[in-house]
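# Coordinates in review
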Amino acid sequence: MVRRMLLVGGAALALIGFVLGLSSIALPWLDIDVVARVDLIGFSRQQHDSKPVFALDGGAWFFVVLMLLFLLVLAATLTSGAVSRLLGGAGMALSVAGLAVVVAIWPDTDAGDSSVVSALGFAQAQTELTVGVGAVLAPIALLILGAAALLIGLGGGIGDWLRRVVAAAAA
């Protein structure tokens, strides 16, 4: 009964982590707002831009860690016994190591935060950088996937059950 609860809980967390992980890749990690004004003629223009994780230095490393974590959760699910427990522990360790990757590529918003450039006193441009939703979801997804791997590993995976199903189908 406890084994089944661990597996179901781990599977639910894995699904949530999978959705959050894919969302963190799809959503922007850095939002850039630029407002330009020319007071002499009353011209004003606002532009919004965003950068995904792949546009940041080292952003591909987050993708690699996330895909490895997906594979470890899958492997822990499909194996059984000690192998599943080992893979579950490795998944939790990888998720914690993945947090270091997120910290390393975290968008720097201090460089241009609310900076104002003035041209001869009648024209100005203001740039504001903010952290995007993808960067916020990334560490949450990593920790949830790590917890899912650990729960599935502690539950022993479904490898034994799969072998019985295959044997019954072959008979």
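These lines cover the structure that appears in this document, whether it is placed above or below. (Residues numbered from 1 in each chain as written. Predicted model: local features only at pLDDT ≥ 70, side-chain atom pairs only at ≥ 80, totals over all residues. Heavy atoms only, no water.)

### Considering the overall build of the protein chain
Test applied: To qualify as a helix, a DSSP run of H or I must reach at least 4 residues; to qualify as a strand, a run of E must reach at least 2; elements of each kind are numbered from the N terminus. For each residue, the accessible area found with a 1.4 Å probe, counting protein chains only, is set against the maximum for its type, and the residue is called buried under 20%, exposed over 50%, and partly exposed in between. Counting rule applied: Lys, Arg positive; Asp, Glu negative; His and chain ends not counted. Note on charges: their place is set at NZ of Lys, CZ of Arg, CG of Asp or CD of Glu.
A tally of helices and strands in the protein chain yields five helices and four strands. Listed by position from the N terminus, the elements making up the protein chain come as α-β-β-α-α-β-β-α-α. Counting only C-alpha atoms, the protein chain reaches 85 × 30 × 25 Å along its principal axes. Looking at the protein chain as a whole, 35% of its 171 residues are labelled buried. Of note, the protein chain has its 8 positive side-chain charges centred 25 Å away from the centre of its 10 negative side-chain charges.

### Details of helix 4 (residues 133-155)
What counts is decided by this rule: What a helix is expected to span follows from its residue count: subtract one and scale by 1.5 Å.
For helix 4, spanning 23 residues, the distance from its first C-alpha to its last is 33 Å, which sits close to the expected 33 Å at 1.5 Å a residue. Where helix 4 ends, the next residue or the one after it, G156, has phi of about 90°, a positive value.

### Side note on a nonpolar patch on the surface
Our working definition: Residues enter patches when their relative accessible area tops 30% and they take part in no salt bridge; the joining distance is 9 Å for like charges and 5 Å for the nonpolar side chains Val, Leu, Ile, Met, Phe, Trp and Tyr. Surface accessibility follows the Shrake-Rupley procedure with a 1.4 Å probe radius. Residue values consider only the protein chains on display as shielding. Criterion for a salt bridge: a side-chain nitrogen of Lys or Arg within 4 Å of a carboxyl oxygen of Asp or Glu.
Nonpolar side chains collect at one region of the surface, where F54, W61, F63, V64, L68, L71, L74 and L78 lie side by side and expose about 790 Å² of accessible area between them. Looking at the secondary structure, you find W61 in helix 2 (residues 59-78).

### Some words on helix 2
Selection criterion: Read the arc as the range of directions from the helix axis to the C-beta atoms. Two residues form a contact once any of their heavy atoms are found within 4.5 Å.
A rise of 1.5 Å per residue sets the reference length of helix 2, with its 20 residues, at 28 Å; its end C-alpha atoms lie 29 Å apart and thus fit the reference within 8%. Among all positions of helix 2, only G59, F62, V65, L66, L69, F70, L72, V73, A76 and T77 are buried. Along the axis of helix 2, the buried residues cluster in a sector spanning 160°; they form a single face. What points out from helix 2, more than 90 degrees from its buried face, is the exposed set W61 and L71. Each element contacted by the buried residues of helix 2 is listed here: helix 1 (2-26), helix 3 (81-105), helix 4 and helix 5 (159-170).

### A few points about the environment of G21
Within the fold, G21 resides in helix 1. Between the C-alpha atom of G21 and that of M67, which follows or precedes it by 46 residues, the distance is 9.2 Å. When sequence neighbours within four positions are dropped, the list of residues in contact with G21 reads L66 and A141.

### Here we look at the packing of helix 1 against helix 4
Note the following rule: Helix axes use the C-alpha atoms of the stretch in contact, all axes being lines fitted to C-alpha atoms, and the angles between their N-to-C directions lie in the range 0 to 180 degrees. Each angle is binned into one of four classes, with values under 35 degrees roughly parallel, values over 145 roughly antiparallel, values of 65 to 115 roughly perpendicular, and all other values oblique. Helix crossings are classified by the rotation of the near helix relative to the far one: an anticlockwise turn of less than a right angle makes the crossing left-handed, while a clockwise turn makes it right-handed. Throughout, the ten residues Ala, Val, Leu, Ile, Met, Phe, Trp, Tyr, Cys and Pro are labelled nonpolar, Asp, Glu, Lys and Arg are labelled charged, and all others, Gly among them, are labelled polar.
Packing of helix 1 against helix 4 brings their axes to within 7 Å, and their N-to-C directions diverge by 160°. Our classification of the angle between helix 1 and helix 4 gives roughly antiparallel. When the axes of helix 1 and helix 4 are compared, the crossing they make is left-handed. Of the residues that constitute the contact of helix 1 with helix 4, the class distribution is 19 nonpolar, eight polar and one charged.

### Digging into the nonpolar core
Our working definition: For the purposes of this section, nonpolar cores are sets of buried Ala, Val, Leu, Ile, Met, Phe, Trp, Tyr and Cys residues that join through side-chain atoms within 4.5 Å.
In terms of nonpolar packing, the biggest core is built from 26 residues, with W29, F62, L66, V73, L142 and L145 touching the most fellow members. Listed by contribution, the elements that provide at least two residues to this core are helix 1, helix 2, helix 3 and helix 4. If one sorts the elements of this core by residue count, helix 2 sits on top with eight residues.

### Focus: the packing of aromatic side chains
Inclusion rule: Here a Phe, Tyr or Trp ring, Trp counted by its six-membered ring, pairs with any other such ring whose centre lies within 6.5 Å, and the pair is stacked when the planes are under 30 degrees apart, edge-to-face when over 60, and tilted otherwise.
Under the definition given, this model contains three aromatic pairs. When the centroid spacing of 4.9 Å and the interplanar angle of 55° are considered together, the rings of F18 and F70 count as tilted. Of this pair, F18 sits in helix 1 while F70 sits in helix 2, placing them 52 residues apart in sequence.

### A short note on the environment of L74
Following the sequence through the fold, L74 ends up in helix 2. Distance from L74 to S84, taken between C-alpha atoms, is 9.9 Å for residues ten residues apart in sequence.

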